Amino acid sequence: MPRPLAGRVAGLRPSATVEMTERVRAARAAGRRILALNSGDPGIPTDPRIVEAAHRAILAGDTRYAPAPGVPALREALAARENARARSAYGEGDILVTPGGKFALLAALMGTVEAGNEVIVPAPGWVSYEPCVRLCGGVPVALPMLDRVDPERLAAVVTPRTVAIILNSPVNPTGRTIGAEDLAAVMAVAERHDLWVIFDQVYADLVHAPSFARPHATPAGQARTFVVDSFSKTFGMTGWRLGFLGMPPGTAKAVQRFMQHSVYCVPGFVQAAGLAALALEAELVPGTRARFRARQLRAAERLSAIPGIACIAPDASFYLFPRVDADDRLVAARWLEDLDVSTLPGSAFGAAGTGHLRISVTAPEADIEEALDRIARAGLPVASAA
Ligand code: PMP
Ligand code: GLU
């Protein structure tokens, strides 16, 4: 290597979630039968009618550059859908279609963070928040919020350099939603300190609770919030790379230039698939949600019966975040090596997740049952005396 690479990538830590998925893939390619409880992929095949819509679009010649901010019909449909469920007031021009929610997050940070600015990130929190903040030259500041967001703790970590706060609800890895009162209190802190809010709601269609609070439900909230969302989890479309960003009024033109100069556009045929997915939402999503709920409840009950594990089913998503009376990294490593069951240690989501495991109920049901059988038989590993 002639010169060292830029610190921006050289110093970036790997994604623990992506690396575990690669590890499972490699172990399976080598002939091991891994029962995967680690995956952030809902594991549902994309509905054939969605696939056909993309196929038709490709055959009809939709293989050239698409409009950089997204196809108007899809942006319009996404604005109308968000307005209907969040009581927001987006126009087509406020929506940016992105290659996945991950790029929507990056676009929001690119648009708000200058070098040296601080961005508050949830802890425990999804593995890509801190790296994306750093890629934009920002400094991530962890806000502990294992059980709830405490507005007083939030106010205590705000400094004159803070420009934004990333909120995620439902939360990856805990699977919990942020309650309406806590969210309102956080928005009041954001208002007081004039902070941008980046609200990642990629699991919003998998909320099992009767209601779900969104910061962009009021005009004042919408004015300072970038909303990150995705087709990945809702429709089993992780590999299509289709997400979107809801942008505050007046910010879209500038943020779109980041699209123009980077990936340019999401392929038109992928956006055609997105439109077809939205048309099928009412038919497909309730069943998906109910299936994950039933699996979560069953897994929580079975895990709680194991000595040293405490598990309450959260009110959203397809994750569980049980507490384990053991070293979480040791548990995840031993279960993978000895039981062929993959999970993620809670500490992969930051120190605040230590002593927990992230368990997904996205594998085929027979695999989940077998994995839980093996875990129940083996129990928690006992750390060997050093
Ligand atoms: N946010 C959270 C909290 C996630 O778990 C994920 C899953 N990858 C994403 C954003 C991004 O998802 P995607 O890029 O597949 O839309
Ligand atoms: N978000 C999922 C997870 O947490 C998928 C992997 C990723 O994008 O990090 O496992």
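Residues numbered from 1 in each chain as written. Chains lettered and ligands numbered in written order. Predicted model: local features only at pLDDT ≥ 70, side-chain atom pairs only at ≥ 80, totals over all residues. Heavy atoms only, no water.

Draft legend 1. Inspection of the packing of aromatic side chains at higher detail. Scanning the entire structure with this criterion turns up 11 aromatic pairs. A centroid spacing of 6.1 Å and a plane angle of 75° characterise the contact between Phe231 and Phe244, whose relative ring orientation is edge-to-face. Of this pair, Phe231 sits in the loop between strand E7 (225–230) and helix H10 (232–235) while Phe244 sits in strand E8 (residues 243–246), and the two are 13 residues apart along the sequence. Here Phe231 falls in the buried class, since its relative accessible area comes to 2%. Members of the aromatic cluster, connected to one another through ring pairs, are Tyr203, Phe292, Phe318 and Tyr319. (Phe/Tyr/Trp six-rings, centres within 6.5 Å; stacked < 30°, edge-to-face > 60°. Helix = DSSP H or I, 4+ residues; strand = E, 2+ residues; numbered from the N terminus. Buried < 20%, exposed > 50% of the residue type's maximum accessible area, 1.4 Å probe, protein only.)

Draft legend 2. Quick look at the site of ligand 2. Around ligand 2 sit Thr17, Gly40, Lys102, Trp126, Asn172, Tyr203, Lys233, Tyr319 and Arg358, and those are all the residues in its vicinity. Contact between ligand 2 and Trp126: an oxygen atom at 3.0 Å from a side-chain N or O atom of the residue. Here Lys233 contributes a side-chain N or O atom positioned 3.4 Å from a nitrogen atom of ligand 2. Alone, ligand 2 offers 280 Å² of accessible surface; in the complex the protein occludes 84% of this. Under a 2 Å grid-point criterion requiring more than half of the atoms, the pocket assigned to ligand 2 is the largest pocket. (Near = heavy atom within 4 Å. Polar contact = N/O pair within 3.5 Å; in protein donor to acceptor, adjacent residues only side chain to side chain. Areas by Shrake-Rupley, 256 points an atom, 1.4 Å probe, with all protein chains shown as cover. 1 Å grid on protein atoms, 1.4 Å probe; cavity = no way out; pocket = protein on both sides within 12 Å on 5 of 7 lines; lining within 4 Å. Sits in = over half its atoms within 2 Å of the grid points.)

Draft legend 3. Just the layout of surface pockets, in detail. Empty space within the largest pocket amounts to approximately 840 Å³. If you go around the largest pocket, you meet 36 residues; those closest to its centre are Ser39, Gly40, Asp41, Lys233 and Thr238. Secondary structure elements with two or more residues in the lining of the largest pocket: helix H2 (16–29), helix H5 (101–112), E7 and H10. Partitioned by chemical class, the residues of the lining of the largest pocket number 12 nonpolar, 14 polar and 10 charged. Put simply, the second largest pocket is a space of about 450 Å³. In this structure, the second largest pocket is lined by 26 residues; those nearest its centre are Ala16, Arg329, Pro345, Ala348 and Phe349. Each residue belonging to the lining of the second largest pocket can be placed in one class, and the counts come to 18 nonpolar, 3 polar and 5 charged. (Points joined across faces, edges and corners; volume = space filled by probe spheres on them. Nonpolar A, V, L, I, M, F, W, Y, C, P; charged D, E, K, R; others polar.)

Draft legend 4. Local environment of the state of the cysteines. According to the stated counting rule, one finds 0 disulfides in the structure shown. Cys132 forms no disulfide, and the closest cysteine sulfur to it belongs to Cys136, at a distance of 7.0 Å. Taking the relative accessible area as the measure of exposure, Cys132 reaches 8% and is therefore buried. (Disulfide = S-S within 2.5 Å.)

Draft legend 5. Region of the structure containing the pairing of strand E5 (residues 162–168). With 7 of its 7 residues buried, E5 lies for the most part within the structure. Note: strand E3 (residues 118–123) against E5, 3 bridges, orientation parallel. Looking at the pairing, Ile120 lines up with Ile165 of E5. (Pairing = 2+ DSSP bridges.)

Draft legend 6. Seen up close, empty space enclosed by the protein. With the rule as written, the count across this model stands at 1 cavity of 30 Å³ or more. In terms of residues, the lining of the largest cavity owes the most to one element, E8, which gives 3 residues. By residue class, the composition of the lining of the largest cavity is 5 nonpolar, 1 polar and 1 charged.

Draft legend 7. Seen up close, a nonpolar patch on the surface. A grouping of Met1, Leu5 and Val9 is seen on the molecular surface, where their side chains present a nonpolar patch of about 370 Å² in accessible area. Note on Leu5: relative accessible area 55%, which makes it exposed. (Patch = residues over 30% accessible without salt bridge, like charges linked within 9 Å, V, L, I, M, F, W, Y side chains within 5 Å. Salt bridge = Lys/Arg side-chain N within 4 Å of Asp/Glu carboxyl O.)

Draft legend 8. How the structure looks around the site of ligand 1. If you check the shell around ligand 1, you find 14 residues, and the closest are Gly101, Asp200, Tyr203, Ser230 and Ser232. With respect to ligand 1, the backbone of Gly101 contributes an N or O atom lying 2.6 Å from an oxygen atom. The side chain of Ser230 places a nitrogen or oxygen atom 2.5 Å from an oxygen atom of ligand 1. Summarising the interface, the protein chains cover 93% of the accessible area of ligand 1, which totals 390 Å² for the free molecule. Structurally, ligand 1 is housed in the largest pocket. For the shell around ligand 1, the secondary structure elements donating two or more residues are H5 and H10. Of the residues contributing to the shell around ligand 1, the split by class is 4 nonpolar, 6 polar and 4 charged.

Draft legend 9. Seen up close, unusual backbone geometry. Residue Ala123 is joined to Pro124 through a cis peptide bond whose omega torsion reads 0°. Its location among the elements puts Pro124 in the loop between E3 and helix H6 (129–135). Note the cis peptide between Asn172 and Pro173, where omega equals 25°. Looking at where Pro173 falls in the secondary structure, it is placed in the loop between E5 and helix H8 (180–192). Positive phi, close to 60°, is recorded for Arg87, a residue that is not glycine. Tracing the backbone through its elements, the reader meets Arg87 in the loop between helix H4 (72–86) and strand E2 (95–98). Phi at Arg241 is positive, roughly 60°, even though this residue is not glycine. Turning to its location among the elements, Arg241 is positioned in the loop between H10 and E8. The partly exposed category is assigned to Arg241, whose relative accessible area is 34%.

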